[in-house]
Amino acid sequence: MTVSKVNRDALRGWRAELEAAGRTKGTISVRLSHVRRCLDAIGKPVDQVSRRDLVRWLAGQDWAPTTRRGVRASLRSFFRWWAEEHGQDEHAAESLPIVAVPRAVPRPAADFDVMAAIQSAPPWVALAIELMATCGLRRAECACLRVDDVIAVGQGWTLRVVGKGGHERVVPCPPHLARRIRARRGGWVFPGGQRGHVSPGWLGKQVSRALGDGGTAHTLRHRYASVAYGHTHDLRAVQTLLGHASVATTQVYTAVDDAAVRDVAVSAWRIVS
């Protein structure tokens, strides 16, 4: 049996494992891509790949720390599955070097830039920008939004958002946006693409083009998090709204106002004798 046949069969089996675990199509696609690239580059059947092979391949890649950490996680998951399938106690990726990821700095989009983009962008892009800036949606969540996901509750409106891993959350929605979306009368809010809705990547490119100067869908999400936190200082509430599994992740998104930092610093200026 050829090397490629052995590795294709292994990847097929791992895909079934991921599907059985309920992983999303996007997650499965990324994980398989990581491992497939690695095995193709090493050129050995999976049962002959060593830790040294993996380390050398990883060392030769010019990646950002977050990408490197994601690939490491994919390799560990795949080789752990392989070992369990074949009754092995250890696997080649078990002790791969830990990837240190520098602490990120919040990059919230400025309201001036957001308003300028909303006023100049095509209507559908402007709607996406306003949804991301005022509801904290990821670009993938925004791209997959359906008209029926906007729900009237009491005296207001909410969005049903399907996030990473298929986890659902409910986010309050500005009334004027809710009414505009509901006026579309069913279907995708942003139709297009092969699956019926615009792809997250294409949506992200259009949003970045409208914002300019390094603005992205993610800076709109940072804007939402920072404004929400600055108003309430309730990190747990902001975590829930963003759909984060960890408060530590939410902290990366929330910029602290300079005036608040100064007030805290001033409180330590006086030394009591």
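Residues numbered from 1 in each chain as written. Predicted model: local features only at pLDDT ≥ 70, side-chain atom pairs only at ≥ 80, totals over all residues. Heavy atoms only, no water.

### Observations concerning the overall build of the protein
When its secondary structure is counted, the protein shows 13 helices and 3 strands. Looking at the protein alone, contacts between residues at least 24 apart form 61% of all its contacts between residues at least 6 apart. (Helix = DSSP H or I, 4+ residues; strand = E, 2+ residues; numbered from the N terminus. Contact = heavy atoms within 4.5 Å.)

### Some details on the nonpolar core
Core analysis: the biggest nonpolar cluster contains 42 residues, and Leu-131, Leu-159 and Leu-220 have the highest contact counts within it. Looking at this core element by element, the count peaks at 9 residues for helix α6 (residues 123–135). Those residues in contact with Leu-131, other than ones at most four positions away along the chain, are Gly-136, Leu-137, Cys-142, Leu-145, Leu-159, Leu-177, Ile-181 and Phe-190. By size, the runner-up hydrophobic cluster in this structure holds 26 residues, among which are Trp-14, Val-35, Ile-42 and Leu-75. (Core = buried A, V, L, I, M, F, W, Y, C linked by side-chain atoms within 4.5 Å. Buried < 20%, exposed > 50% of the residue type's maximum accessible area, 1.4 Å probe, protein only.)

### Quick notes on the pattern of salt bridges
Summed over all chains, the structure comprises 9 salt bridges. Here Arg-180 and Glu-130 are joined by a salt bridge, their closest N and O atoms 3.5 Å apart. In this pair, Arg-180 is assigned in helix α8 (residues 175–182) and Glu-130 in helix α6, connecting sequence segments 50 residues apart. Given the relative accessible area of 38%, Arg-180 is considered partly exposed. (Salt bridge = Lys/Arg side-chain N within 4 Å of Asp/Glu carboxyl O.)

### Description of α8
For α8, the complete set of buried residues consists of Leu-177, Ala-178 and Ile-181. One side of α8 carries all its buried residues, which in axial view fall inside an arc of 100°. Looking at the packing, one finds that the buried side of α8 touches α6, β1 (150–153), β2 (156–162) and β3 (168–173). (Arc of directions from axis to C-beta.)

### Topic: the environment of Ala-133
Checked against the element boundaries, Ala-133 lands in helix α6. Accessibility expressed as a relative area gives 2% for Ala-133, which makes it buried. Once residues within four sequence positions are removed from consideration, Ala-133 is found in contact with Val-114, Leu-220, Arg-223 and Tyr-224.

### Concerning the state of the cysteines
Throughout the structure, instances matching the rule amount to 0 disulfides. With no disulfide of its own, Cys-144 has Cys-142 as its nearest cysteine by sulfur position, at a separation of 9.3 Å. Relative accessible area serves as the criterion here: at 35%, Cys-144 is assigned to the partly exposed category. (Disulfide = S-S within 2.5 Å.)

### Thoughts on the pairing of β1
Here 4 bridges tie β1 to β2, and the two strands are oriented antiparallel to one another. Paired with Val-150 across the two strands is Leu-159, which belongs to β2. Connecting β1 to the antiparallel partner β2 that follows it, the hairpin turn spans 2 residues, and Gly-154 within it adopts a positive phi of roughly 60°. (Pairing = 2+ DSSP bridges.)

### Let's talk about the environment of Thr-158
Summarising the element assignment, Thr-158 is placed in strand β2. Classification of Thr-158 as buried rests on a relative accessible area of 15%. Sequence separation of Thr-158 and Lys-205 is 47 residues, and the distance between their C-alpha atoms is 26 Å.

### So, the sheet that holds β1
Across the sheet, 3 strands lie side by side as β1-β2-β3; this open sheet has antiparallel pairing. The open sheet has two edge strands, β1 and β3, and neither has a second partner. Averaged over all pairs of adjacent strands, the angle between strand axes in this sheet comes to 35°, irrespective of strand direction. (Axes fitted to C-alpha atoms, helices over the stretch in contact; angles between N-to-C directions.)

In short, geometric facts, not functional conclusions.
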